[in-house]
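Descriptive structure summary
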Amino acid sequence: MFDLIAARAPGLWRGLNHARLAVEVPLLRGGAVYRGSPTSGAVALTFDDGPDPRWTPRILDALAEADARATFFFLATAMAAHPALTREVAARHEIGTHLHDHSLAPMRSPAAFAAELARVLPIHAQLLGQRPTRLRFPHGHAGRIGPAELREHGLTAYHWTFSSEDSRAFDGAVVAARVRLRLAPGAIVLLHDGRGPGSTQGPGHREATIAALPAILAAIKERGLAAVTLAELAARSQPR
Ligand SMILES: [Zn+2]
């Protein structure tokens, strides 16, 4: 999907490839960050499609229990529906945007993307007093939106190193085992705390994610890693 950007803008892609020689490892793919540095000593758990009062508070509890922080890519529709919960998450964790309602239409053109942000940003401003700087495209699909558009709107796109595949899961033990197997320093892990319209196939709830989380957090600790926000992972991934 992000390779589409590379195909459409080969010069830009070469520029990115050149730029990343400055860091120890490639952190970008098609203009989206998909991992942190293996020397970061940390992993970033990311939760998409919330907030949802059925599941987000229980995820907050599990994170607090492990003294962990995370990044939530919220849908603006769900933020507007649950303002208190949105603020509760923001008090300790990082909030990025997963755009308005999980539609793929905004990525069909830069103009559509700008129009989408014009709907999304006021909701962030009203509830949190600031605009998001991190974006996860719905379904990770960048469409026709490349680094130039992202820069124009002050956004960095984040993909993931690997997915927990919790969308399709019924069994938390399976999700935890999958994450444990692929856990490595610098990893950005895709999880979900909500269910956006058209966002998932599967059981339609997040019980597997919630059941998996204590084991995932324990595995992170066992490896001597910290569970951090994407902002902190980025800071820890700067070349020294
Ligand atoms: Zn999503």
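No experiment lies behind these values; they were computed from the predicted model shown.

Let us now look at the overall build of the protein chain. Secondary structure assignment for the protein chain yields 10 helices and 10 strands. Burial statistics for the protein chain: of 240 residues in total, 47% are counted as buried. A separation of at least 24 residues holds for 76% of the contacts in the protein chain among residues at least 6 apart in sequence.

With that settled, the discussion passes to the packing of helix α8 (residues 172-182) against helix α9 (residues 207-222). Between α8 and α9, whose axes approach to 7 Å, the crossing angle comes to 35°. α8 and α9 meet at a crossing whose hand is right-handed. Along the contact surface, α8 presents Gly172, Val175, Ala176, Val179 and Arg180, while α9 presents Ala208, Thr209, Ala211, Ala212, Ala215, Ile216 and Ala219. Grouping the constituent residues of the contact of α8 with α9 by class yields nine nonpolar, two polar and one charged.

For the rest of this paragraph, the subject is the packing of helix α3 (residues 56-65) against α9. Two numbers describe how α3 lies on α9: the axes approach to 10 Å, and their chain directions differ by 15°. By the criterion of interaxial angle, the relationship of α3 to α9 is roughly parallel. Note on packing geometry: the crossing formed by α3 with α9 is right-handed. From α3, Arg58, Ile59 and Ala62 reach across to α9, where they touch Ile210, Leu213, Pro214 and Leu217. Of the residues assigned to the contact of α3 with α9, the class counts are six nonpolar, no polar and one charged.

What follows deals with the confidence of the model for the protein chain. Taken residue by residue, the protein chain gives an average pLDDT of 88. The fraction at 70 or more is 86%. Within the model, pLDDT remains below 50 along residues 1-24, and this stretch shows 30 contacts once partners closer than five positions in the same chain are excluded.

Attention now goes to unusual backbone geometry. Omega for the peptide link from Gly50 to Pro51 comes to 0°, which places this bond in the cis form. Non-glycine residue Glu165 carries a positive phi angle of around 55°. Residue placement: Glu165 occurs in the loop between β8 (162-163) and α8. For Glu165, a count of 15 C-beta atoms within 10 Å corresponds to the partly exposed category.

Quick look at the nonpolar core now. Of all hydrophobic cores here, the largest spans 59 residues; its most connected members are Val43, Ala44, Leu45, Val189 and Ala227. In terms of residues, this core owes the most to one element, α9, which gives eight residues. Among all residues touching Val43, those that are not within four sequence positions of it are Leu183, Pro185, Ala187, Val189, Ile220, Leu225 and Ala227.

Note on placement: Phe162 falls in strand β8. Judged by local crowding, Phe162 falls into the partly exposed class, with 17 C-beta atoms found within 10 Å. Along the primary structure Phe162 and Leu183 are separated by 21 residues, whereas in three dimensions their C-alpha atoms are 8.9 Å apart. Excluding residues that lie within four positions of it along the chain, Phe162 makes contacts with Arg182, Ala187 and Val189.

This part covers α9. Compared with an ideal rise of 1.5 Å per residue, which puts 16 residues at 22 Å, α9 spans 24 Å between its outermost C-alpha atoms and is within 8% of the ideal. Along α9, the helix axis deviates most sharply at Leu213, where the bend reaches about 40°; the proline Pro214 sits within four residues downstream. Among the residues of α9, those classed as buried are Ala208, Thr209, Ile210, Ala211, Ala212, Leu213, Ile216, Leu217 and Ile220. In this structure, the buried residues of α9 make contact with β3 (42-48), α3, α8, β9 (188-192) and β10 (226-227). Among the residues trailing α9, Gly224 stands out with phi positive, at a value near 75°.

Here is what the cut-offs are and how they apply
- Residues numbered from 1 in each chain as written.
- Predicted model: local features only at pLDDT ≥ 70, side-chain atom pairs only at ≥ 80, totals over all residues.
- Helix = DSSP H or I, 4+ residues; strand = E, 2+ residues; numbered from the N terminus.
- Buried ≥ 20, exposed ≤ 12 C-beta atoms within 10 Å, placed from the backbone.
- Contact = placed C-beta atoms within 7 Å.
- Axes fitted to C-alpha atoms, helices over the stretch in contact; angles between N-to-C directions.
- Left-handed = near helix turned anticlockwise from the far one by under 90°.
- Nonpolar A, V, L, I, M, F, W, Y, C, P; charged D, E, K, R; others polar.
- Parallel < 35°, antiparallel > 145°, perpendicular 65-115°, else oblique.
- pLDDT = per-residue confidence, 0-100.
- Core = buried A, V, L, I, M, F, W, Y, C linked by C-beta atoms within 7 Å.
- Expected span 1.5 Å × (residues − 1).
- Bend = angle between axes of the 7 residues up to and from the residue.

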